[in-house]
Amino acid sequence: MDNTPIVVLAIFGLCLLALALWLILRPKRSYQITLVNDYRRRHRMRPVTAYHRLDGFASAHSCYLAKHETCNHDRFQDRADRIIAVTGTRHVGEN
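Below or above, wherever it landed, is the structure these notes cover. Owing to the predicted nature of the structure, the values given are computational and were not obtained by experimental measurement. (Residues numbered from 1 in each chain as written. Predicted model: local features only at pLDDT ≥ 70, side-chain atom pairs only at ≥ 80, totals over all residues. Heavy atoms only, no water.)

1. Overview of the overall build of the protein
For the protein, the count of helices and strands is 4 helices and 0 strands. Going residue by residue from the N terminus, the α and β elements of the protein occur as α-α-α-α. A compact globule built from 95 residues would reach a C-alpha radius of gyration of about 12 Å, whereas the protein, at 21 Å, exceeds it by more than 25%. For the protein, the spread of C-alpha atoms along the principal axes amounts to about 70 × 40 × 30 Å. (Helix = DSSP H or I, 4+ residues; strand = E, 2+ residues; numbered from the N terminus. Rg over C-alpha atoms; globule rule 2.2 N^0.38 Å.)

This is the structure:
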């Protein structure tokens, strides 16, 4: 019995799975960062990059804002101190 079609289908399926995982897990290009870097490039400034270790901090802050139905910079210094402790960065800003 020739198993070639089954093997080909299995390999094709694995390739599709690998592609799907890559599409899901690959770093996302931020439209906002692209806009910021376009501005920075026009003004001869170095580009900024996304630092995905901060995603959790940003998400928690967004949830806080949604829960309190507000948009502010409350507790900024607390967030900044936690970010500095976790990442070792020297400067933290919020926009």
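2. Examining helix H3 (residues 55-67)
Taking 1.5 Å of rise per residue, the 13 residues of H3 would be expected to cover 18 Å, and the 18 Å separating its terminal C-alpha atoms lies within 8% of that figure. Three or more residues of H3 are buried, namely Phe57, His61, Tyr64 and Leu65. Each buried residue of H3 lies within a common arc of 95° when the element is viewed along its axis, so the set occupies one face. In this structure, H3 carries Cys63, Ala66 and Lys67 as exposed residues pointing more than 90 degrees from its buried face. (Expected span 1.5 Å × (residues − 1). Buried < 20%, exposed > 50% of the residue type's maximum accessible area, 1.4 Å probe, protein only. Arc of directions from axis to C-beta.)

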